[in-house]
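Here is how the chains run, residue by residue.
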Amino acid sequence: MTILAEMQQAQLLMVAGFIMLGWVLARRQIRMRKRVNQESRVANKELKAIREQKQPAVPLSDAPAATQRWQVAMFETQRELCAELDTRIAIVQSLVQQMDRRIEILGLTPPATIDTGAGRPQRQDTLDT
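What you see is a predicted model; the values in this text were computed from it and never measured.

Conventions used here
- Residues numbered from 1 in each chain as written.
- Predicted model: local features only at pLDDT ≥ 70, side-chain atom pairs only at ≥ 80, totals over all residues.
- Heavy atoms only, no water.
- Helix = DSSP H or I, 4+ residues; strand = E, 2+ residues; numbered from the N terminus.
- Buried < 20%, exposed > 50% of the residue type's maximum accessible area, 1.4 Å probe, protein only.
- Areas by Shrake-Rupley, 256 points an atom, 1.4 Å probe, with all protein chains shown as cover.
- Salt bridge = Lys/Arg side-chain N within 4 Å of Asp/Glu carboxyl O.
- Expected span 1.5 Å × (residues − 1).
- Patch = residues over 30% accessible without salt bridge, like charges linked within 9 Å, V, L, I, M, F, W, Y side chains within 5 Å.

Caption draft 1: A look at the overall build of the protein. On a plain count of helices and strands, the protein comes out with two helices and two strands. Written out in order from the N terminus, the α and β elements of the protein read α-α-β-β. Counting all 129 residues of the protein, 2% fall into the buried class. By element, 61% of the accessible surface of the protein is carried by carbon and sulfur atoms, the whole surface being about 12700 Å².

Caption draft 2: The pattern of salt bridges, seen in detail. A complete count under the given rule lists one salt bridge for this structure. Among the salt bridges present, the one from R88 reaches E84, with a minimum N-O distance of 3.0 Å. Of the two residues, R88 and E84 are both situated in helix α2 (residues 65-106); the distance of four residues between them amounts to about one turn of the helix. For E84, a relative accessible area of 39% corresponds to the partly exposed category.

Caption draft 3: Structural detail: α2. Here α2 is 42 residues long and its end C-alpha atoms lie 62 Å apart, about the 62 Å a rise of 1.5 Å per residue gives. Downstream of α2 by one or two residues, G107 has phi in the positive range, about 75°.

Caption draft 4: Examining a nonpolar patch on the surface more closely. Together, M99, I103, I105, L106 and L108 make up a nonpolar patch on the protein surface, roughly 540 Å² of accessible area in all. Structurally, the position occupied by M99 is in helix α2. With a relative accessible area of 45%, M99 lands in the partly exposed category.

Next comes the structure, spelled out in structure tokens:
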């Protein structure tokens, strides 16, 4: 009878061990799921915040004051340079138009050029013919 009792006790201990192992594994699995769910919730909140974040209409509007002053100075410099270039372009265009009118009035044609094949065109005199 002692052998039978020892076998039953060994089986009971083995069953108890399996139950404890199952409980430990189940508890571990529950903790993992809880942590993954918590991390996914945090990640989803961050993604939602990124998606909902709208870019400001003006670049660097949330920058420090010194950077904004620098940006304003650059915009003003850009406007000044564009105005200066536009003025110079307008002057050159008006001078070209004046020269075209004078050429028409005088009846002059620009001298023709001959390509000598040496890479430099030579002027053809109109009096040679």
